[in-house]
Amino acid sequence: MQNINSKYTKTCFGAWYKVFLLLLFTFASCCPSRTDIYTIVKRTHNKGNDTIDFSEAICFDWDKMYWFPIGYSLDYINSIVNINAFWQDVGDRIIFVKNGRVVYHREYFPCHETPLKRISFNTDSAFVFQKDNALFAIEKVSDKLYILSHIPKTMMGDTSLMDN
């Protein structure tokens, strides 16, 4: 006589094991630390790298990256990014777009009493970068602030966004 319970147990364990692995991979791919730009820059710098190539370092797909320092109006930002978002009108912001749709957005609010973890760029102007031209030097100012400077990989196009 064959033991039905042992076959059931092995089959059930195999199914649960597959479900567990699927959930683990799903969680790992959605982990915020893999998509948070500050965390990616900090991790890259802590590994001894003085440069970061966003085309390789970022785990989500994008084709344009925009930087808007504090002082740019929402009307101006929405006219450039071509979306109608209802963001607050303060702070620096970085926006990644794929096929005209925002895939990542982060705003850094000014807070002098307790500085937030953030990145910034060494410019007071808004700019846009294509994915194939997004190489930056990393300067660590403090544990909570990293300044990025563009290193041109190609000389294709102007990266600055001129005010209308």
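Placed above this text is the structure.
Small disclaimer: the values here were computed from a predicted structure and weren't measured.

Focus on helix H2 (residues 37–46)
For an α-helix, the turn length of 3.6 residues means that residues three or four places apart are oriented alike.
Turning to step 1, where the next piece is worked out: Within H2 the residues assigned to the buried category are Ile37, Tyr38, Ile40, Val41, Thr44 and His45. Taken down its axis, H2 places every buried residue within 165° of arc, on the same side.
Turning to step 2, where the next piece is worked out: Positive backbone phi, at 95°, marks Gly48, one or two positions downstream of H2.

Observations concerning the side chain of Arg93
Turning to step 1, where the next piece is worked out: Position of Arg93 among the secondary structure elements: in strand S3 (residues 92–98).
Turning to step 2, where the next piece is worked out: By relative accessible area, which is 0% here, Arg93 ends up buried.
Turning to step 3, where the next piece is worked out: Only 2.9 Å separates the side chain of Arg93 from the side chain of Glu107, close enough to count as a polar contact.

Overview of the nonpolar core
Turning to step 1, where the next piece is worked out: Core analysis: the largest hydrophobic core is formed by 24 residues, its most contacted members being Ile37, Phe54, Met65, Phe96, Ile119 and Phe121.
Turning to step 2, where the next piece is worked out: Those elements that place two or more of their residues in this core are H2, strand S2 (64–68), S3, strand S4 (101–108), strand S5 (118–121), strand S6 (127–130), strand S7 (135–142) and strand S8 (145–150).
Turning to step 3, where the next piece is worked out: When residues of this core are assigned to their parent elements, the largest contribution, 4 residues, is made by H2.
Turning to step 4, where the next piece is worked out: For Ile119, the residues in contact, after removing those within four places along its chain, are Ile37, Tyr38, Val41, Trp67, Ile94, Tyr108, Tyr146 and Leu148.
Turning to step 5, where the next piece is worked out: The next biggest cluster of nonpolar side chains, apart from the first, holds 10 residues, and it includes Tyr66, Phe68, Val97 and Val128.

Rules used throughout
Residues numbered from 1 in each chain as written. Predicted model: local features only at pLDDT ≥ 70, side-chain atom pairs only at ≥ 80, totals over all residues. Heavy atoms only, no water. Buried < 20%, exposed > 50% of the residue type's maximum accessible area, 1.4 Å probe, protein only. Helix = DSSP H or I, 4+ residues; strand = E, 2+ residues; numbered from the N terminus. Arc of directions from axis to C-beta. Polar contact = N/O pair within 3.5 Å; in protein donor to acceptor, adjacent residues only side chain to side chain. Core = buried A, V, L, I, M, F, W, Y, C linked by side-chain atoms within 4.5 Å. Contact = heavy atoms within 4.5 Å.

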